[in-house]
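Descriptive structure summary
In case you want the letters, here they are:
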Amino acid sequence: MNLTDVINKMSLRNKIEQLSQFRLTRDDFEEMKDKLKNECIGSFILADSATAGNAELKPLTREQINEIQKVAMENHGIPLLFGHDVIHGHKICMPIPLALSASFNPELVENSYKYIAEECRNDGINWSFAPMLDLCRDPRWGRIIECPGEDPYLGEKMAEAVVKGFQGDDDKINIAACAKHFVGYGTAEGGRDYHRGEISEYTLRNYYLRAFDSAVKNGVATVMNSFNEINGIPNVCNKHLLTDVLRGEMGFDGFVISDWAAIEQLTNNGIAEDKQKAAELCLDAGIDMDMVDCCYYDNLEKSVEEGKISIKTIDEAVMRILSVKEKMGLFENPYFETVEYSKEKHRQISKELATESIVLLKNNNNTLPLDKNQKICVMGQMANDKRAVLGSWSLDCDINETVTIYDGIKSRAENTFYFDCSIPKDRTLEDTYDTDVVIVVIGESDKITGEANSIASIELSDEHKHLIKCAKKLNKKVIGILSFGRPRAFESVIDDFDALLYAWHGGSQIGNAIGDILFGDSCPSGKLPITFPRMTGQIPIYYNCTATGKGVDGYYNKILSHPNYWDTESSPLFPFGFGLSYTQFEYGQINVQQSVISLEEIKEGKTFDLSINIKNTGDFSAKEVVQCYIKDCLASMVRPQRELKLFEKVMIQKDKSQTVTFRIGAEQLGFYNSQGKYIIEKGDFRVYIGSDCLANNYVTISIK
Ligand code: NOJ
């Protein structure tokens, strides 16, 4: 198809309509159908509110979507995109994205998004506003649930997985993915949603842009701006970022959509005097499609007439949108067919992901796994909650699919009962129930996570603490299951638990995943994708912070010349990458192929291998996430204490060992300097390999 011909035949009005997105719900279905008879709208968002993740939506049927597509095709021959926030599942819910990162299993994540894509197509969705790639270091921020965590490399891997999962491996894009929110949204000050951030060029390049770069390298079809401003410029009109960096440097060739009403919002923060000016600034900066606020739709014709926007700029944006539609094969086949998918397979992968994302934080004297014949007392409403465990952005998911934590336990261990903490008047707590072990399930509502749902303190609530106290009184071993959408601070109660599992908001199959882990049918293998602080006041605390001259790096050093705080330890409660197993892994020595290598060779693409043998010396066959970190010891800029460079999740049978090899080259050894240039410098590099970011097993490599 010659898209230039298509564009040449379009009127200016039609072109502007193509740059516009409208909302489409059951209520405005007929109105929109009528609109399409004359207008050449670019896309619809299947949502009726700006924070669609936490608002109920009565969905349209696939047949209705095909009907509306037909009107567009018959009147203009240009197919519509139907976008929706499909963040971590559509019908069967996967764990929240932060938990998906905890699985450290991008392959499984990619497969799950292939399944999610099947459910989407079956419901008339061909564009998903995911993956969300905002690196985040602040658990107060509600949207942390959607993000890949605090590490740029993990972010890169998750970006690749979700983009490939949605878009597929063929040349033809299956469901268009949308890398969002470009960029730095996770820096919202104080965790207050939509607030500003300050990001230096050095930090932007080395941390925040990287996941987006990966999405672009993997062919992401669309990008969405973030609401925030960085360094005084709102991202929605930041030409440097949207055009020079995203298109110019990264080579993005899809189109950019504004976030909901973000263009119009320029009139609120004193950047544009009116919506026309806002539209002009954003189109010029590189926003191709306007989400719902009609700033383009209502104003751009006038802007062209007044000579403020050129037809060329309009045509370029239209071309980018049509090119994506062409790559999706929509001109030939704009309609949706029934997709026969296996619900059972979707449940299975949801369970696998939930299982692999659960992190075992504590297991004194091998409290876990439990014996199925024991008497088990389960406490805490969260154990019976079908909604909260699905997490934010899951309102399309079928709540009847949720296997609660209680049901997951009860279906495996008959002698399980639920205790709600209210003791009959004539009895004491101790003799109320006769039990061998207590499982206390605490968590947070999905309603205090997600968009516009931040919290000021991440400490556990009084209710949580009361429940734990109650559980303690039974004088039996206490197992904690924490089901939250973000890291929470629980240092004050950690000694109350004999074993502790962090289960996140783990999706439809959380109950089965917990059940398998508790009774040893699965071995925990999740690792923290983000640092867990001891208390709110430590935020931000993250493992890849740059070194200080005074050496007050409390994350890594126990004894400091100047403690970071008088009122708490300097170290986190749990470090990045941490997670226990039921088995033990013995890491051998690191073998280096070559420990001195010339800078020229590295620049020319030479790589070297490091390998390590890991032995499973415990009683369970299990998966381990082998993590490789690098510390750049001497550089022209202050470098992070450590950076995750590579990881591999491997299954090691009990009594067996496995060798894991990591290949190091230019990609692992360089960094972006403050001019935004990727450089590799001479000097020593420590390469650590181990089971979390505190690994102390290392070799030194010299680049001469
Ligand atoms: C606003 C959110 O920031 C964005 O992530 C989402 O895709 C849009 N609303 C559409 O619902």
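In case you missed it, the structure is sitting above this.
Our subject in this report is the structure included herewith. (Residues numbered from 1 in each chain as written. Predicted model: local features only at pLDDT ≥ 70, side-chain atom pairs only at ≥ 80, totals over all residues. Heavy atoms only, no water.)

A short note on the environment of Ile510
Position of Ile510 relative to the elements: it lies in helix H18 (residues 510–518). Along the sequence, Ile510 and Glu340 sit 170 residues apart, while their C-alpha atoms lie 25 Å from each other. The contacts of Ile510, once residues within four sequence positions are left out, are Val389, Val403, Ile405, Ser483, Ala503 and Trp504. (Helix = DSSP H or I, 4+ residues; strand = E, 2+ residues; numbered from the N terminus. Contact = heavy atoms within 4.5 Å.)

Observations regarding the site of the ligand
As a matter of local geometry, the ligand sits amid 13 residues, with Asp85, Arg143, Lys180, His181 and Asp259 nearest to it. Interatomic distance of 2.6 Å between a side-chain N/O atom of Arg143 and an oxygen atom of the ligand. In this structure, Lys180 approaches the ligand through a side-chain N or O atom, which is 2.8 Å from an oxygen atom. If the ligand stood free it would expose 290 Å²; the protein chains cover 100% of that surface. (Near = heavy atom within 4 Å. Polar contact = N/O pair within 3.5 Å; in protein donor to acceptor, adjacent residues only side chain to side chain. Areas by Shrake-Rupley, 256 points an atom, 1.4 Å probe, with all protein chains shown as cover.)

Comments concerning the sheet that holds strand S22 (residues 657–664)
Strand order in the open sheet made by the three strands is S17-S19-S22, with antiparallel pairing throughout. Looking along the sheet, the strands with just one partner apiece sit at the ends: strand S17 (585–592) and S22. Taken over all neighbouring pairs, the strand axes of this sheet differ in orientation by 20° on average, direction set aside. When strand S19 (residues 608–616) meets S22, the two strands line up antiparallel, connected through eight bridges. Opposite Asp609, over in S22, you have Arg663 as the bridge partner. (Pairing = 2+ DSSP bridges. Axes fitted to C-alpha atoms, helices over the stretch in contact; angles between N-to-C directions.)

Looking at helix H17 (residues 462–473)
Its 12 residues give H17 an end-to-end C-alpha distance of 16 Å, which sits within 8% of 16 Å, the value for a rise of 1.5 Å per residue. Along H17, the residues classified as buried are His464, Leu467, Ile468, Cys470 and Ala471. The buried residues of H17 all sit within an arc of 160° when viewed along its axis, so they share a single face. Opposite the packed face of H17, turned more than 90 degrees from it, sit the exposed residues Asp462, His466 and Lys469. Contacts made by the buried residues of H17 are with strand S12 (376–379), helix H16 (429–432), strand S14 (437–443) and strand S15 (477–483). In the segment just after H17, Asn475 is the residue with positive phi, at about 60°. (Expected span 1.5 Å × (residues − 1). Buried < 20%, exposed > 50% of the residue type's maximum accessible area, 1.4 Å probe, protein only. Arc of directions from axis to C-beta.)

Shape is all these values report; function is a separate question.
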